[in-house]
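Structure assessment
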Amino acid sequence: MGSTGTVSANRDDAARVATLERYEVLDTPPRSELLALVDLAARVAGVPMATINLITDTEQHQVATYGFDGRVCSYDDAMCTAVVEGGAPIVTYDARDDERFRSNPFVTGDLGSVRFYASHPLTSPDGVTVGTLCVFDERPRQLDIDQAGMLATLADRVMDVLELELRSRQLESTVGELEAARARLESSNERLAAFAGQVSHDLKNPLTALGLSLGLMEEEVEDLGAVDGALGQLLTRAARGATRMEAMINELLDFARLGGSPQLVDVDLDTVLAEALADVDGALPYDAVTVRALPTVPGDATQLRVVLQNLLANAARFTVQGEPPQVEVSGDRVGERWRVEVADRGRGVPEEHRERVFEPLARVDKSEAGNGIGLATCRRVISAHGGTIGLDPRPGGGTIAWFELPIAP
């Protein structure tokens with residue numbers, strides 16, 4: 001309630017006003033939690049009146065009161081500015097005998113007739129004092145040590161309420177932003193899928209026609225018995241280029257289509273692995289693969305099959321020259337995630353490239369055919385499942401390609 005009207009050198013109006021703006025409490029109806037705390041404060045002190053005062057640069061706002069109706073008064077009239085400026089509690093038996101308050105309008109009768117007065121600062125976690133928890137009476141009285149300690153505890157609880165409401169609003173805002181971002185991502189994925197379909201129509205069909213035309217031209221050159229070797233080589237190179245371009249478009253389309261929000265069901269990875277091994281049988285014989293039992297995970301079976309197929313195909317392609325592929329597939333629980341590993345004895349991936357190989361069109365080892373889409377597709381799929389994927393060196397030589405998926409969706 002008020003000071004002598006002198007402005008302390010300790011005033012930090014800007015910080016206090018900014019903190020109060022974050023709490024959003026000055027212009028709202030009294031909050032039930034704060035009303036309960038001032039009620040308890042009055043009972044603890046054995047007085048008829050209590051209030052929570054929040055103080056701006058110009059005014060004092062009584063945002064929750066007990067025993068009287070709250071109001072707004074000027075900064076210079078408020079008794080509690082002495083607590084805010086000093087940063088320490090104040091207890092006075094009779095304010096008429098206290099030089100800080102004897103001429104204050106809340107003591108003289110102009111605004112009130114306060115005698116006993118006890119006030120504890122309300123300080124935010126970052127050290128800004130924004131107001132007070134204040135108890136008072138119109139007759140003198142004492143406050144013992146236990147009562148003073150309980151008032152300090154209640155002042156801390158007032159700040160807990162303000163901070164909790166602030167954090168709740170921030171969390172709601174963050175959740176709203178995340179939901180909006182997810183909606184934008186889903187919309188983006190839908191547009192990407194639509195674009196992929198358009199690319200399929202606009203690029204693949206003309207490319208197929210080009211490949212057929214080049215094939216017919218090669219046959220005609222052979223039928224005519226043409227001896228121009230340069231022409232034949234040119235046609236062959238053009239046909240191979242068209243074939244490579246078609247393969248790249250197919251991989252880009254797969255990359256665009258896969259990795260959208262998967263429909264999660266229980267997926268038996270042993271079954272999915274068997275299907276993936278059948279897909280790469282020509283490049284990776286069954287006897288080159290050792291399999292330890294894999295878990296059942298929440299996921300999309302088709303998308304996870306693409307991941308295992310790509311990892312197995314890489315293990316088959318990037319072998320040490322002259323050495324047959326040796327692959328071990330295993331799965332274990334690591335904390336709250338399933339970890340699946342495809343380990344090979346191939347050439348390995350240098351440490352500085354283990355992250356870059358997951359970027360679209362990135363190729364580290366150009367001695368093997370490929371467009372650098374496979375691992376990018378794998379990361380896209382695993383990320384959509386809420387997991388992570390990476391490469392580690394295998395002790396004794398080779399690479400461990402791994403991915404982790406949540407145990408529960």
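Everything in this summary refers to the structure shown in the same document.

**Some remarks on the packing of aromatic side chains**
By the definition in use, this model includes two aromatic pairs. Ring geometry for Phe-68 versus Phe-136: centroids 5.4 Å apart, planes at 65°, classification edge-to-face. Of this pair, Phe-68 sits in the loop between β2 (59–66) and β3 (72–74) while Phe-136 sits in strand β6 (residues 129–137), and the two are 68 residues apart along the sequence.

**Structural notes on the pattern of salt bridges**
Across all of its chains, the model carries 21 salt bridges by this definition. Between Glu-163 and Arg-167 there is a salt bridge, with its nearest N and O atoms 3.0 Å apart. With Glu-163 and Arg-167 both in helix α5 (residues 145–223) and four residues apart, this pair spans about one turn of that helix. You can call Arg-167 partly exposed: its relative accessible area is 44%. Linked through salt bridges whose partners overlap, the residues forming this network are Arg-337, Arg-339, Glu-341, Asp-392 and Glu-404.

**Observations concerning unusual backbone geometry**
Despite not being glycine, Glu-24 shows a phi value in the positive range, around 50°. Along the chain, Glu-24 turns up in the loop between α1 (13–23) and α2 (32–45). Classification of Glu-24 by relative accessible area gives partly exposed; the value is 46%.

**Some remarks on the pairing of strand β5 (residues 116–123)**
Of all eight residues that make up β5, seven are buried, and the element is covered over most of its length. Pairing geometry for strand β4 (residues 90–92) and β5, over three bridges, is antiparallel. Considered in β5, the bridge of Ile-90 is made with Ser-119. Strand direction decides the pairing type here: β5 and β6, joined by eight bridges, are antiparallel. Within β6, the position partnered with Ser-119 by the bridge is Cys-134.

**Re the environment of Asp-76**
Residue position: Asp-76 is located in the loop between β3 and α3 (81–86). Note on Asp-76: relative accessible area 40%, which makes it partly exposed. Between the C-alpha atoms of Asp-76 and Thr-58, which are 18 residues apart in sequence, the distance is 7.8 Å.

**Some points on the sheet that holds β4**
Reading across from one edge, β3-β2-β1-β6-β5-β4 is the order of the six strands in this open sheet, with antiparallel pairing throughout. Of all the strands in the sheet, just β3 and β4 have a single pairing partner and so form its edges. Strand-to-strand, the axes of this sheet are offset by a mean angle of 20°, without reference to chain direction. Against the sheet, α1 makes contact with β1 (49–55) and β6, and its axis sits at roughly 85° relative to β6, the strand it touches most. Contacts from α2 reach β1, β2 and β6 within the one sheet, and its direction differs from that of β2 by about 75°.

Parameters and conventions
Along every chain, residues carry numbers that run from 1 in the direction the sequence is written. Since the coordinates come from a predicted model, pLDDT governs what is reported: local features require at least 70, and pairs of side-chain atoms require 80 or more to be given and counted, while whole-chain, interface and lining totals use all residues. Heavy atoms throughout the structure, all of them, feed into the side-chain values; hydrogens and water do not. Two aromatic rings, drawn from Phe, Tyr or Trp (for Trp, its six-membered ring), form a pair once their centres lie within 6.5 Å of each other, and the interplanar angle then sorts them: stacked below 30 degrees, edge-to-face above 60, tilted otherwise. In DSSP terms, a helix is any run of H or I states spanning at least four residues, a strand is any run of E spanning at least two, and both are numbered starting from the N terminus. One speaks of a salt bridge when a side-chain nitrogen belonging to Lys or Arg is within 4 Å of a carboxyl oxygen belonging to Asp or Glu. Think of it in three bands: residues with accessible area under 20% of the maximum for their type are buried, residues over 50% are exposed, and the middle band is partly exposed, with areas taken using a 1.4 Å probe on protein chains only. Strands qualify as paired when DSSP identifies two bridges or more between them. Only the stretch in contact is used when a helix axis is fitted, and all axes are lines through C-alpha atoms; the angle between N-to-C directions ranges over 0 to 180 degrees. Whether two residues touch is decided by their heavy atoms; if any such pair falls within 4.5 Å, the residues are in contact.

All quantities given are derived from atomic positions and should not be read as evidence of function.
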